[in-house]
Structures are given as C-alpha cells and as structure tokens.
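This is what each chain is made of:
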Amino acid sequence: LLLLFGFLLPLAPCAGGLGDQDFLESVTCHRDRMEVEFSSELGNYSWQGSVVDASDEEITSCDYLVDYEKLLLSALFVNCTSLEHGQHQLRLKLMVNDTTGGEKNITSRAHCSVVHANEVIPPFFTGATNCTKDFMAVTFPRLIPSFSDEHVVPVTPMTWTLSIDDGTKIHQLSLGQAMQQGYSFLADGHNLVFQVAFSATGVVSYKQNGQVLYTVALKLTYGPPERRLTVESRMLCAPDPAVCNATHMTVTIPAFPGTLMAVAVEDRTIPLDQLQENGIAVHMKKGTKMHISRGILKSRLHGGSCSGLQAYLSSLKLAFHFHEETVAMVMHPECPCDQRAPIAAVCTQDGYMDFEVLADSTKPPLNLDTLRLRDPSCKPAFKSPLNDRVWFHVPLSACGTRYWFDGERIIYENEVRALWADLPPRRISRDSELRLTVLCSFSNGDASLTIKVDSLPSLASSMNQGPLSLVLLSYPDDSYRHPYHDNQYPIVRYLRQPIFLEVQVLNRNDPNLQLVLDDCWATASQEPSSLSQWNIVVDGCEYDLDSYKTVFHPVGRGVSYANYRQRLEVKTFAFMSGDKALPGLVYFHCSVLICNRFQPDSPLCSTRCPKPSRSKR
C-alpha cells in the first residue's frame, strides 16, 4: 500500500490582493511527480510559473510543465524537489501582472509526504560514465539533504551505505570508509558528482595489449528501510590515450563481456550500420577497435612544449550491452602532439588553406626564410622560435591562389616553394630546394585538400576533408531580411499563402562563384527521395504543370555576395491522398550547381527559361 499526502505552504504573500493564498488550490502527489492546481482567479491575470531553488533561482535541470489553460503545474520529484524530513519540497514562483500593470513575484511551497508500507522507493539509475585520464565519474540529482556543502560533501557514516559488487564479493562501506578507499563526492549546483579512482576498492579491470578498461558496479543507499533512497550505477572507463597516424585516430577497448550497441560523436548519434559512411571503421574481434578519420576530428594548438596542432574529439560516447543492461561511457580522446610529424593541410570553412612546412622536410634541413608563395608578398602566419617550422594561412581568393572546375568540383591551387632560381645569383649553393603544391577541392557536401611535394626526399601526399555548406532558409515576407529561426518551425500557412525561400552558399568569399538552382521539390517526409513529392523548380525554371507558378525574386545589389543566393516564392499547398489531405508536415528540398559566373563550364550554369505565354484576352 502506498499512501500519498500533499500540502501547500504560502511563503511570501504580496500586497494588492495578489497573495499566493488566493491562487494555489491543491496538490496531487503521484509516484514520481506532483501536480499543483491553481485557483481559477489566476486566469484573470497574465502570469508565468516556474520551479525555483532556495535562492529563488529557476532550476534549469528541472523537468516541469505548465498548462496555462487548465491552471496546472506538473513537476518531477527528481531534479525539481528537495528531500526534507521525508518530504519532497517543491518551491514555486509566480510572476503575475496585476490590473494596474505592475508585476508581482509570489513564492510558495508545496510538498508531498510519502509513507511506504511494504515497498521501498524505486532506485535511481545514473547515466553515462564521464571517463577521464585520472578517474571515472557519474552525475545524479541532489536527492539527499546531507549533500549541502558546495565543494565536499560532509560525512555521515551512520546514514550512508555504499555497496560495491566486484563479481566475487560485495563490499559494504560507510561514506567515510568509501572516501578513504578511492571514492569521492562533489556538489555541482543541483547535481552530485560521484568520482571513482581506478585503484578504488571493488574496481574491476580488463587488460589487453597494453590497453585497460575499468568497471565498477555500485549502489549508494540513504535512510531507513521504510524510506530508503537508492542510487545505482555501473561505470565503464577506458582512459588510455588514443593512437593516431596521418589519417586516423584509433580508439581501442579491451575485450570484456560487453557488446557495442551505439556510438555518438560530438553529441551526434550515428547508427552502427552508418559508421563506415561517416568516417568510422569498427572491428569487434578480440575487443573493440575504432578507426576514426581525421576529417571528423577537431584541432587545437597544443601549447606548452609542443608548438604544433593537436587533433581530438571533445566527446565520444559508446554504449554497451553489459550484465543485462545498457552501460555508456563518454570519452575525450586526443592525439599526442608529435613535434616531428608534419601536419596535413586543412581546408577551413571560412575560405583558407592552412598548412605547415617543417625544416627537416628535406635533407639537409630547409632554410625556411627562403620560402615564398606564388605571391611573394604573402608571408607565413607563424614561425617557430627555433626556426624549424612555419605555418601558412592562405586565403583562397588572394596570394596567387588559382582555381578551376573539374566536373562537380571546384579546385583551388597555390604553391609554396624554396628554389635556387628565386635567390640572388651565386656560384654555388648548399641549400635544399622544395616545391609544395597545395590543392583544395570542394564539392557539394564535402571538401578535400591534397598536398603534392617534389623534393629530395619527396614528401607523401596528404588529404583532408571539409564541408561546402549550403542552407535553405524561409522568410516571413519578400523583403528577405530576417529568416525564421530553428525554434520557430514548423511554420503555419494557409493554402495559397506565399512561402518565401532562399538558398545560400555559406563561408565562401570568392566573387567568381555563382549559385544556380537545379531542382527544388517538396515532400511529405524528411526523406528527399520519398514518393509523395511535388516539383516547384525543374532545371532552374518554374514547373509547367503547376497552375500556381513559382516566382523567382531578384537579390538586391545591397546584399553582400548576391551571386551566392537564389530566392523563390511558392504558394502553399497540401499533399493529397484520395480526397483527403495528408496529415503531417511539408518539407522543401533543393539541388544546386556551383558555377564559374564568368566562364560557365556547363550548359546547366546558363539557365534559359522559356518566357511565360500571354493568355488570350
């Protein structure tokens, strides 16, 4: 039998007839949440409700809902309440606009008393393990009142119990004992961080070829048996550094009784059957080995004793099926900074080629002071204090950079060289020569950068990936000034109302490029190739079979890089199934061409649409 009791307690009545005792009607307690009903009188005012902490600051981690029509607020116990004397305490703040135009802040408190007869509170299970080089950690809500210190949780040995199952025995520790044996608790706002050292009591390790995986199963309990709170966690962590080469980062998980179920890179979940096409190769024989393309990695200046770039991932989340449950860990793998390894050139999204030249690229070492680009006035962006490396940051539209078209690709090219012919005449020379050709090719959806080196000895080619970004925007009117934001979708339109669309090329600054529409169409699902679709642009022209023709709007001269944009207007319609409109949303898609605006290399770049025929009077 589970008995639930709810109470309301006003904290801060306000003047002017807006006391909170006028508005809080009742509270209903459920197993995992409470529901507060407000008085119907509140419906006469404009108001907002929120869940706050003891400092009257809104609890951002609280999952609560406000129904302003039904005058209800529903909040989960977890993250939204504090546990005091066996009661879930909920603090509410109402911001009410009174009849005089003033605003009143009303704070009140509701609580649910829970009395258990023959059952205990269901345990709370923590999320993914944060795996670092030095420890593993999990985060869970501050459900328990003894966690009050902002830095280190005070020890109450008689109240707390930590149970650790290492597979052969269960270790029972008080909180004080646990903190002496590798476990620590830290307060972080409304959450608690539970850290475990790799050498802590009960931690199990799996080792293979120098790699180690640590795991621990633990249960933290608080309170008497009839009102016991339980937090359970099974933690995983593989802290060893990643191994990297010129093309990939390799992350190895030693063999253990777990099966890989899911992968997320930088908070983006990638289905296992799509890893290969997203630049990740996985081998799951004798452990799990992941080869991650450098095109996915981020890069940063390493600092300290290393003046080169360091490749890394800020978040790699792996979920395993382990001991009949899903267990996840979040890793932060990074490549070591190799002083001697040359760094592959990077094609940046803002229109540059970044590459490094090392003095020891040749034998004898190259005199870096003799390096020059095709335009000699462009200098390296960085030279190391030891004069053993330089870093170039070359704009794609300057410094002698050239470009040409190869099918669907745009290829940019420059050259960095150190040649005897560029030096003052002399009878002999002991300097090495080097000629470095840098190629950066963009295509729709990706970009690649290739380096070809002619020197003694010759340097290996290198390639890297980068995006050519396109965006399809919608605007409220034909001024095309302020597009709709992501949080404003889906947009509601009546039939035949105009929809104003714009296609843009992003992060380019080459005035020679021209964006040309190919096809645009609408579908009844997010999949562009779904069967329910309707053409709105065909071969860059209006769709003849549509009685409401697509209207193309010119881009004004006041817009920067007007040749990077195409604007069109479509009249709203609905997809039909028989004599009924299909439910759901309508999605728009466009395919485009990137052309040389002065020397079109394809007939599709010079669209000639037939003039609309004049109807007879």
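Definitions and limits used
- Residues numbered from 1 in each chain as written.
- Predicted model: local features only at pLDDT ≥ 70, side-chain atom pairs only at ≥ 80, totals over all residues.
- Heavy atoms only, no water.
- Helix = DSSP H or I, 4+ residues; strand = E, 2+ residues; numbered from the N terminus.
- Buried < 20%, exposed > 50% of the residue type's maximum accessible area, 1.4 Å probe, protein only.
- Contact = heavy atoms within 4.5 Å.
- Areas by Shrake-Rupley, 256 points an atom, 1.4 Å probe, with all protein chains shown as cover.
- Disulfide = S-S within 2.5 Å.
- Pairing = 2+ DSSP bridges.
- Salt bridge = Lys/Arg side-chain N within 4 Å of Asp/Glu carboxyl O.
- 1 Å grid on protein atoms, 1.4 Å probe; cavity = no way out; pocket = protein on both sides within 12 Å on 5 of 7 lines; lining within 4 Å.
- Points joined across faces, edges and corners; volume = space filled by probe spheres on them.
- pLDDT = per-residue confidence, 0-100.
- Core = buried A, V, L, I, M, F, W, Y, C linked by side-chain atoms within 4.5 Å.
- Domains from an automatic or database assignment.

**Q** Sorry if this is basic, but what is going on with the overall build of the protein chain here?
**A** Secondary structure summary: the protein chain contains one helix and 49 strands in total. The 617 residues of the protein chain split such that 41% are buried. Of the contacts formed within the protein chain by residues at least 6 apart in sequence, a portion of 58% connects residues at least 24 apart. Element-wise, carbon and sulfur atoms account for 51% of the exposed surface of the protein chain, whose accessible area totals about 33900 Å².

**Q** I'm lost on the state of the cysteines in this one. Help?
**A** By definition, a disulfide links the sulfur atoms of two cysteines through a covalent bond. The final tally for this structure, using the stated rule, is eight disulfides. Here Cys-244 is linked by a disulfide to Cys-335, with a sulfur-sulfur distance of 1.9 Å. Taking the sign of the S-S torsion, -85° for the link of Cys-244 and Cys-335, the bridge is left-handed. One end of the pair, Cys-244, is in strand E20 (residues 243-244); the other, Cys-335, is in the loop between strand E29 (325-331) and strand E30 (346-347), with 91 residues separating them in the sequence. We classify Cys-335 as buried; its relative accessible area is 2%. Sulfur-sulfur distance for the disulfide between Cys-541 and Cys-609 comes to 2.0 Å. Disulfide Cys-541 to Cys-609: torsion about the S-S bond roughly -95°, handedness left-handed.

**Q** Explanation requested: the sheet that holds strand E24 (residues 280-283) in the structure shown.
**A** The pairing of strands in a sheet comes from backbone hydrogen bonds and takes either a parallel or an antiparallel form. In spatial order, the strands read E20-E21-E25-E24; together these four strands make up an open sheet with antiparallel pairing. Edge positions in the sheet fall to E20 and E24, since each has one partner strand and no second. Both E24 and strand E25 (residues 288-293) contribute to a ladder of four bridges, which runs antiparallel. Of the residues in E25, the one forming a bridge with Ala-281 is His-291.

**Q** Sorry if this is basic, but what is going on with the pattern of salt bridges here?
**A** All told, the structure shown has seven salt bridges when counted by the stated rule. In this structure, Arg-565 and Glu-502 form a salt bridge, with 3.2 Å as the shortest nitrogen-oxygen distance. Of this pair, Arg-565 sits in strand E46 (residues 565-571) while Glu-502 sits in strand E41 (residues 498-505), and the two are 63 residues apart along the sequence. As far as burial versus exposure is concerned, Arg-565 and Glu-502 are alike and both buried. Residue Glu-502 pairs with Arg-567 through a salt bridge whose shortest N-O separation is 2.5 Å. In this pair, Glu-502 sits in strand E41 while Arg-567 sits in strand E46, placing the two residues 65 residues apart along the sequence. According to the relative accessible area criterion, Glu-502 is buried, its value standing at 0%. A single salt-bridge network, built from bridges that share partners, covers Glu-502, Arg-565 and Arg-567.

**Q** What's the story with the pairing of strand E2 (residues 24-29) in this structure? I'm lost.
**A** Taken residue by residue, a regular strand's side chains alternate between the two faces of the sheet. With five bridges connecting them, E2 and strand E3 (residues 33-38) associate as antiparallel partners. Bridged to Thr-28 within E3 is Glu-35. Between the end of E2 and the start of E3, which pair antiparallel, lie three residues.

**Q** Just checking my understanding: could you explain the layout of surface pockets for this structure?
**A** Vacant regions in the atomic arrangement are exposed by a probe of water-molecule size rolled over the atoms. One number sums up the size of the second largest pocket: a volume of about 800 Å³. Along its surface, the second largest pocket is lined by 26 residues, and Tyr-489, Pro-490, Ile-491, Val-586 and Phe-588 are the ones closest to its centre. Mapped onto the lining of the second largest pocket, the elements with two or more residues apiece are strand E40 (470-475), E41 and strand E49 (587-596).

**Q** How should the confidence of the model for the protein chain be read in this particular structure?
**A** Do not read the predicted coordinates in detail wherever pLDDT is low. Per-residue pLDDT for the protein chain has a mean of 76; in total, 74% of the residues score no lower than 70. pLDDT under 50 marks residues 339-344. Its contacts with residues more than four places away, or in other chains, come to 18 contacts. In the predicted structure, residues 445-466 sits below a pLDDT of 50 and forms 68 contacts with residues beyond four places in sequence or in another chain.

**Q** How do you make sense of the nonpolar core when you look at a structure like this?
**A** Nonpolar side chains in soluble globular proteins tend to be buried together. With 39 residues, the main nonpolar core has Phe-355, Val-357, Leu-371, Leu-373, Phe-392, Val-416 and Ile-536 as its most contacted residues. With five residues, the single largest contributor to this core is strand E42 (residues 513-523). When residues of this core are assigned to domains, at least three map to each of domain 4 (346-421 + 433-455) and domain 5 (469-606). Ranked by size, the runner-up nonpolar core spans 30 residues in total, among them Val-138, Leu-162, Val-212 and Leu-218.

**Q** Explanation requested: the pairing of strand E16 (residues 191-197) in the structure shown.
**A** Most of E16 sits inside the fold, with five of its seven residues counted as buried. Relative to E16, strand E15 (residues 183-188) is paired through six bridges, and the arrangement is antiparallel. Directly across from Phe-185, in E16, lies its bridge partner Phe-194.

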